[in-house]
Amino acid sequence: MNPADVQRPRGARATLRLIAAAIRLVWASGRRDFILVIVLQLLQAAGVFLIILQLQQMFSGLIEANSGGSAEGLAINLVLFIAANVLMGVASVIVNNRRQIIGERVTMYVCGEILKVACLAELDDFDDSDFHDRLQRSAINAVNRPMRLVQSMIDIGRNVFVLGSIWAALVVLQPWIAACMLLVVVPVWIGGTRVGEHYFTFVLRMIPRDRSRIYLFQLLTMRDPAKEIRAFNLAQYLATRWRESMVERIGELALTLRRQLRSSLISTFGSNLVLALAAVGLILLNRGGVLTLAETAVVAGALLLFSQRLLAAVVETNMFFESAPLVSDLNDFLALEPGLVKHRSGTDFKGPFHRIEVDDVSFQYRDADRNALDHVSLKINAGEVVALVGENGSGKTTLAKLIAGLYSPRQGAIKVDGTDLSELDLNAWRQSVAVLFQDFIRYALTAVDNIHLGSIAREPDLADIRVAARAAGADEFLATLPEGYDTILSPQFGKGLDLSLGQWQRVALARAFFRDVPLVILDEPSASLDARAERALFDSVRDLYEDKTVLLISHRFSTVRTADRILVLEDGKIVEQGSHTELMALDGLYAELFSIQASAFIEEDLEESVELPQPVDR
Ligand SMILES: Nc1ncnc2c1ncn2[C@@H]1O[C@H](COP(=O)(O)OP(=O)(O)OP(=O)(O)O)[C@@H](O)[C@H]1O
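Keep in mind that what you see is a predicted model, and the values were worked out from it rather than measured.

Caption draft 1: View of the site of the ligand. Close to the ligand lie 14 residues, the nearest being Gly393, Lys396, Thr397, Thr398 and His555. Glycine 393 is positioned such that a nitrogen or oxygen atom in its backbone is 2.9 Å from an oxygen atom of the ligand. The backbone of glycine 395 places a nitrogen or oxygen atom 2.9 Å from an oxygen atom of the ligand. Look at the ligand: alone it shows 640 Å² of surface, and the protein chains cover 67% of it.

Caption draft 2: Representation of the sheet that holds strand 10 (residues 573-578) within the structure. Read across the sheet, six strands follow the order 6-7-8-3-9-10 without closing on themselves; strand pairing throughout is mixed. At either end of the open sheet lies a strand with only one pairing partner, and these are strand 6 (433-436) and strand 10. Strand-to-strand twist across the sheet, computed as the mean angle between neighbouring axes with direction ignored, equals 15°. In terms of strand pairing, strand 9 (residues 565-570) meets strand 10 through five bridges, oriented antiparallel. What sits directly across from leucine 567, in strand 10, is glutamine 577. Sheet contacts for helix 12 (residues 396-403): strand 3 (385-390), strand 7 (519-523), strand 8 (549-553) and strand 9; angle to strand 8, the most-contacted strand, approximately 155°.

Caption draft 3: Region of the structure containing the layout of surface pockets. Taken as a whole, the largest pocket holds about 1400 Å³ of empty space. What lines the largest pocket is a set of 37 residues, among which Leu406, Val435, Phe437, Tyr443 and Arg515 lie closest to the centre. Mapped by element, the contributors of at least two residues to the lining of the largest pocket are helix 3 (72-120), helix 4 (123-126), helix 12, helix 13 (426-431), strand 6 and helix 17 (501-514). Per-element accounting of the lining of the largest pocket gives the leading share, four residues, to strand 6. Along the lines of polarity and charge, the residues of the lining of the largest pocket split into 22 nonpolar, six polar and nine charged.

Caption draft 4: How the structure looks around helix 12. Burial runs high along helix 12: seven of the eight residues are buried. Among all positions in helix 12, only Lys396, Thr398, Leu399, Ala400, Lys401, Leu402 and Ile403 are buried. Just downstream of helix 12 lies glycine 405, where phi reads positive at about 80°.

Caption draft 5: The arrangement of the domain arrangement of the protein in detail. With domains assigned, the protein is organised as domain 1 (15-341), domain 2 (349-432 + 519-608) and domain 3 (440-516). Computed from C-alpha coordinates alone, the two centres of domain 1 and domain 3 are separated by 50 Å.

Caption draft 6: Representation of the environment of isoleucine 356 within the structure. Mapped onto the secondary structure, isoleucine 356 falls in strand 1 (residues 355-363). Here isoleucine 356 falls in the buried class, since its relative accessible area comes to 0%. Counting along the chain gives 125 residues from isoleucine 356 to alanine 231, while the straight-line C-alpha distance between them is 46 Å. Setting aside residues no more than four positions away along its own chain, isoleucine 356 makes contact with Leu378, Lys379, Ile380, Ile403, Ile414, Lys415, Trp429 and Leu519.

What counts, and at which threshold
Residues numbered from 1 in each chain as written. Predicted model: local features only at pLDDT ≥ 70, side-chain atom pairs only at ≥ 80, totals over all residues. Heavy atoms only, no water. Near = heavy atom within 4 Å. Polar contact = N/O pair within 3.5 Å; in protein donor to acceptor, adjacent residues only side chain to side chain. Areas by Shrake-Rupley, 256 points an atom, 1.4 Å probe, with all protein chains shown as cover. Pairing = 2+ DSSP bridges. Helix = DSSP H or I, 4+ residues; strand = E, 2+ residues; numbered from the N terminus. Axes fitted to C-alpha atoms, helices over the stretch in contact; angles between N-to-C directions. Contact = heavy atoms within 4.5 Å. 1 Å grid on protein atoms, 1.4 Å probe; cavity = no way out; pocket = protein on both sides within 12 Å on 5 of 7 lines; lining within 4 Å. Points joined across faces, edges and corners; volume = space filled by probe spheres on them. Nonpolar A, V, L, I, M, F, W, Y, C, P; charged D, E, K, R; others polar. Buried < 20%, exposed > 50% of the residue type's maximum accessible area, 1.4 Å probe, protein only. Domains from an automatic or database assignment.

Following this line, the structure appears as structure tokens:
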């Protein structure tokens, strides 16, 4: 989506809707403190009202006493004046104290809502750069925008209440001046919305570049990329690219701030013009004998107070209008949730199954110009070990992801015992599948966690964990770690330490083994294993998965030859299928790829004058 296509909230009605949305946000995050703050602000406003009226009473009393009249009321007025001041001070301290926690609660609530959407989003959404822009925008803004919005709302609330009470006091003292003051709201409102719009446009424009810059920052600060960046001497180069992007952002921000400044100045000039007119009116009313000296002094004081509060209100209003469109954007993002939930509902799947059928499936990744899978059809019977082979980019992992229910076919269907996956509850189906990806996650958690995450529905019983680890050949080294299975597998935390890549692969395998499910997908499970471990793995695959269906992806032909069936993919199509013997006899792509790989061994062996290992048919 183009940033220009994003709806910017415009007009008074849209703004009121935003205010309502912001209040709902605070209300949902924790209403007690919010109510307390509102009540205290009303008390503050009442305090100001009292102070102004008491001032007028005190001045009138003083003038009367000075001209020989009674001074009886003065003491009461003084007490009321002090009481109102104390009330305001206490209320202000409590409000400042509570607004911090309200802000944090709102942040927690909003981040929780964003996570809900992010957790519901599909893999396909994560291939969408627009989704990332929106997610990032929401995530960045969620950290401080709702908090700022709430704080500016609290401050605006306080200022509006106080301005309202000063205005009410002015109505009592001099209705004409009070009426004139109403005009002040117009420039404040217009200026505030402009300021907000400028900022929102800036954020929209910058987010894609911000994301790239954040990525560069992560590259330079995360542990995983650290070794390659040092080995290739990329640190300075990437840091310079980060700096250039930052300089560009600051330039854009400066431009935005200039535009904001113009709008703010126009708004401040407009409101002060109204105040100046009111001051002139006040002098004329005094000169014309309509107002006494005491009344004039109090109204002038009230006007001064009014202008101070107004200045604060302008700052807060600008901040509110700056945050409000971003909160509206956030609301739009959160509104994706119901659609995603609907996508998840479907017939429950309890498993096991008898057959998986891939029926004329084609699939194209977002923004790709060609199919990753092209009219693929195959059947996998329960209990079969099916291998997928083919050159890089031929579509093996894509097919596995579709069967695992991580992507939906653009055309055709994947059926489990005759039911289309799209009609099944995808979560329930995924519960029945264990996938070990090529690029598995290396969780910086304990060894127990790393294996237990394979099936969180099971208790993390150490005996069971070790059974899975033993099957993957990981028990031997995990048990000897300084804190055994409780060792954190990353030096980033506590006394944690790292494993070798092959050891990590065994841990990931153990995670897949721990997941006791009917369909197991192993994508290059032995890529980092040594020859002995690989041999042990494939010798044990059949025992481990005796009653399970296994989809095995591998470039190592020695490992796939034991499969019941081998499917050969080329450019997203299945071009050959059969057993190893059948495919060798066919003398097609499989035989060619097998020979290329075997010839490497043959050449090595010839050099070493050792007898060639001949492939043995199962
Ligand atoms: N998320 C993605 N977005 C766009 N294109 C993708 C994405 N993932 C894969 N592709 C493309 O889809 C095609 C098939 O990729 P796939 O990962 O299925 O190949 P593969 O056979 O598993 O390759 P390899 O042997 O290298 O693992 C490739 O052309 C790849 O560039």
